[in-house]
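# Structural features, examined
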Amino acid sequence: MSMPHRNRMWIWVGRLTFGLIVIGIVAYFSAAGLDKADKLASVLGFLLALAALIVPHLFSVSSGDGGRGSTSSAGNASHGQIDARHAQGVQINQSGGNTQHNNFAS
């Protein structure tokens, strides 16, 4: 599915949709009363929070690294060959011993 190009028409369609939603919410609040509207808002908030937790798991990872994380030189270096000359405030655990490099160049 392709996303529409971001141009003036789509921006105004989004603004108009947002405005209509706000007008609809205000109309519902005034017609139903705040107590009933608050209960509905609580249920809708719960459903949206649940959807926010589930939806990311429904789509596959589209990054170039296959979801494995960073492809930095430190991650690809073989054991014991980490180049930390340009790192700032990095702590590296090498075979049980900690080596801390603090390079704060201005």
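Residues numbered from 1 in each chain as written. Predicted model: local features only at pLDDT ≥ 70, side-chain atom pairs only at ≥ 80, totals over all residues. Heavy atoms only, no water.

## Concerning the confidence of the model for the protein chain
Looking at the protein chain as a whole, its pLDDT mean stands at 75, while 57% of the residues score no less than 70. The lowest-confidence element of the protein chain is helix H3 (residues 73-76), averaging 50 in pLDDT; the highest-confidence one is helix H1 (residues 8-32), averaging 91. (pLDDT = per-residue confidence, 0-100. Helix = DSSP H or I, 4+ residues; strand = E, 2+ residues; numbered from the N terminus.)

## Quick notes on the packing of aromatic side chains
Under the counting rule described, the total for this entry stands at 0 aromatic pairs. Geometry around Trp12 places Arg15 over its ring, the cationic atom sitting 4.7 Å from the centre. (Phe/Tyr/Trp six-rings, centres within 6.5 Å; stacked < 30°, edge-to-face > 60°. Lys NZ or Arg CZ within 6 Å of the ring centre and 35° of its normal.)

## With respect to the pattern of salt bridges
What the rule picks out here adds up to 1 salt bridge. A salt bridge links Lys39 to Asp35; its shortest N-O distance comes to 3.6 Å. Of this pair, Lys39 and Asp35 both sit in helix H2 (residues 34-58), 4 residues apart, roughly one helical turn. Each member of the pair, Lys39 as well as Asp35, carries the same accessibility label: exposed. (Salt bridge = Lys/Arg side-chain N within 4 Å of Asp/Glu carboxyl O. Buried < 20%, exposed > 50% of the residue type's maximum accessible area, 1.4 Å probe, protein only.)

## Remarks on H2
Here H2 contains 25 residues, and its C-alpha end-to-end distance of 35 Å stays within 8% of the 36 Å for a straight helix at 1.5 Å per residue. The sharpest bend along H2 measures roughly 25° and falls at Ala52, with the proline Pro56 sitting one to four residues further on. (Expected span 1.5 Å × (residues − 1). Bend = angle between axes of the 7 residues up to and from the residue.)

## Regarding H1
In this model, H1 (25 residues) spans 36 Å end to end at C-alpha, consistent with the 36 Å of a helix rising 1.5 Å per residue. One side-chain oxygen at the N-terminal end of H1 lies 3.2 Å from the backbone nitrogen of Met9; it belongs to Asn7. Looking at the residues trailing H1, positive phi occurs at Gly33, about 90°. (Polar contact = N/O pair within 3.5 Å; in protein donor to acceptor, adjacent residues only side chain to side chain.)

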